[in-house]
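These are the residues of each chain, in order.
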Amino acid sequence: MSDSEVTMTRRCPICNGTGELKYESVSDPTGAAEGEWDYLVCKSAPCGALWLCPQPSASELEKAYVGYFTHEAKQRKDGWLIRAFHYVRDGYYASRFGYAIGGSWAQSIMGNLLYLHPGWRADADFGLMYLSDQQEKELLEIGCGNGAALGRLVRLGWVGCGMDTDPQAVAQARLSGLQVECGTLEDLGYDAERFDVVIISHVLEHTGEPENLLREIRRVLKKGGKVVCATPNLLAFGHTLFRESWLNLDPPRHLILHNPNSLTRLLVETGYDISKLWTTCRYANGVWTAYWARKSGCVFEVGREGSVFRRITGRFVQLVEWVAICYWRMRGEDLCVVAQRPIDS
Ligand SMILES: [Zn+2]
């Protein structure tokens with residue numbers, strides 16, 4: 001990389017403020033990509049975004065996504081236990097988000113009992129990207145991976161399609177019968193003002209040009225339509241505690257990371273009105289078990305959180321975080337936002 005390119009990446013990609021070294025010589029925790037990277041933090045208040053410097057090359061990124069967890073099939077064998085689980089979970093969804101499916105009183109009681117633990121509730125709510133029952137409305141998922149969330153929403157009545165740049169993930173999603181296209185949002189060229197809702201879950205941090213992506217999302221949204229976004233939170237307790245060993249740093253896949261201020265700025269600059277911004281304890285358990293695995297010299301894999309004991313302690317840590325964010329509301333692991341394309345735009 002030339003000196004001029006390195007200099008350019010020292011400016012904040014969100015506000016053009018000055019970057020200061022935060023973490024030095026961090027490597028891919030999965031071992032997929034070779035090399036070491038630095039992370040810079042924006043010193044221009046109140047931005048505080050964090051970004052990888054220098055940005056990895058295309059070939060480094062290609063290596064980094066080999067074996068990525070979205071390549072896996074989205075569902076295990078549809079046995080009676082899974083069907084029973086879905087039956088009870090539908091009761092929770094009906095009670096929490098108003099879905100007609102699973103609306104019997106018995107399902108609703110069982111569903112609420114199943115999700116007594118706030119961590120499981122956070123998982124379930126995230127699994128629907130916090131969307132309530134809005135049948136007949138058309139939805140697009142950006143970076144839908146193997147289609148796990150999209151499939152759930154379509155089953156509950158949404159008219160949904162998805163897109164991803166990863167051919168293996170797209171192939172998995174299509175095997176489930178979902179309508180999914182491969183390419184970037186710009187390349188796919190959806191009609192302007194087509195969608196009522198766009199969901200983008202843990203994708204924003206993977207792009208080096210979030211502004212362009214959000215502008216394109218705004219173009220394909222109807223006036224008054226909304227985007228629902230979830231991304232790792234730099235203010236999370238996990239980041240404060242584990243610093244460069246924090247799971248959500250995930251070099252070199254996570255290029256730009258946000259806090260509530262930088263995400264708000266990005267959305268306002270790209271023409272959205274923020275309706276709601278909050279944080280959750282979702283995957284605080286995984287952040288803990290990943291740290292533990294790393295300190296024990298193991299490679300952590302998403303979805304494989306280790307021994308029963310490790311999982312139980314993870315859920316306990318998550319419970320503690322849930323209590324803590326009742327007070328420190330912006331310190332949860334996941335940063336979530338609902339933003340609207342203005343009706344008069
Ligand atoms: Zn900045």
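First things first, this report covers the structure right here in the doc. Just so it is clear, the structure is predicted and the values come from calculations on it, not from any experiment.

Below, the discussion takes up the overall build of the chain. From N to C terminus, the chain includes 13 helices and 11 strands. For a compact globule of 345 residues, the expected C-alpha radius of gyration is about 20 Å, and the chain comes in at 20 Å, within 12% of that figure. Taken over the C-alpha atoms alone, the chain extends approximately 65 × 50 × 40 Å along its principal axes. Taken over 345 residues, the chain has a buried fraction of 40%. Counting contacts in the chain only where the partners sit at least 6 residues apart, residues at least 24 apart contribute 69% of the total.

Okay, the packing of helix α12 (residues 284-295) against helix α13 (residues 308-327) next. Remark: α12 packs on α13, axes separated minimally by 7 Å, with the N-to-C direction vectors making an angle of 130°. Our classification of the angle between α12 and α13 gives oblique. When you trace α12 past α13, the crossing you get is right-handed. Residue-level contacts link A284, N285, G286, W288, T289 and W292 of α12 to R310, R311, G314, R315, V317, Q318 and E321 of α13. Of the residues that constitute the contact of α12 with α13, the class distribution is 4 nonpolar, 5 polar and 4 charged.

Secondary-structure assignment places P252 in the loop between α10 (237-242) and β9 (256-257). Taking the C-alpha atoms as reference points, P252 and F309, 57 residues apart in sequence, are found 30 Å from one another. Leave out the neighbours within four places in its chain, and P252 touches D28, A33, W37, L52, P56, E60, L61 and A64.

On to the sheet that holds strand β7 (residues 195-201). Here we have 7 strands laid out as an open sheet, ordered β6-β5-β4-β7-β8-β11-β10, and mixed in their pairing. Each edge of the open sheet carries a strand with a single partner, namely β6 (180-182) and β10 (273-280). Neighbour to neighbour, the strand axes of the sheet diverge by 15° on average, direction disregarded. Looking at chain direction, strand β8 (residues 221-232) and strand β11 (residues 334-340) are connected through 7 bridges and run antiparallel.

Bringing helix α11 (residues 260-269) into the picture now. Residues of α11 that are buried include every one of P260, S262, L263, L266 and L267, and no others. Tucked into the core, α11 has its buried residues touching α9 (210-220), β8, β10 and β11.

Let's shift gears to the sheet that holds strand β3 (residues 50-53). Ordered in space as β1-β2-β3-β9, the 4 strands form an open sheet in which the pairing is antiparallel. Every other strand in the sheet has two partners, leaving β1 (19-26) and β9 as the edge strands with one partner each. When β3 meets β9, the two strands line up antiparallel, connected through 2 bridges. Paired with W51 across the strands is I256, a residue of β9.

Bringing unusual backbone geometry into the picture now. Cis geometry marks the peptide bond from A45 to P46; its omega dihedral reads 0°. Along the chain, P46 turns up in the loop between β2 (37-42) and β3. Within the chain, E193 stands out as a residue other than glycine whose phi angle is a positive 55°. Mapped onto the secondary structure, E193 falls in the loop between α8 (185-188) and β7. The class for E193 is partly exposed, based on 15 C-beta atoms found within 10 Å. For H202, which is not glycine, the phi torsion reads 55° and is therefore positive. Relative to the helices and strands, H202 resides in the loop between β7 and α9. We classify H202 as partly exposed; it has 19 C-beta atoms within 10 Å.

For a regular strand, side chains alternate in direction, first toward one face of the sheet and then toward the other. Where burial is concerned, most of strand β4 (residues 138-142) is hidden: 4 out of the 5 residues are buried. Pairing analysis gives 5 bridges linking β4 to strand β5 (residues 159-164), with the strands arranged parallel. Following the sheet pairing, E138 is matched in β5 by V159. Traced from β4 through helix α6 (residues 148-155) to β5, the parallel crossover comes out right-handed.

The rules behind these values
Residues numbered from 1 in each chain as written. Predicted model: local features only at pLDDT ≥ 70, side-chain atom pairs only at ≥ 80, totals over all residues. Helix = DSSP H or I, 4+ residues; strand = E, 2+ residues; numbered from the N terminus. Rg over C-alpha atoms; globule rule 2.2 N^0.38 Å. Buried ≥ 20, exposed ≤ 12 C-beta atoms within 10 Å, placed from the backbone. Contact = placed C-beta atoms within 7 Å. Axes fitted to C-alpha atoms, helices over the stretch in contact; angles between N-to-C directions. Parallel < 35°, antiparallel > 145°, perpendicular 65-115°, else oblique. Left-handed = near helix turned anticlockwise from the far one by under 90°. Nonpolar A, V, L, I, M, F, W, Y, C, P; charged D, E, K, R; others polar. Pairing = 2+ DSSP bridges. Right-handed = clockwise from strand over helix to strand, strands pointing away.

The analysis is restricted to geometry; functional conclusions fall outside its scope.
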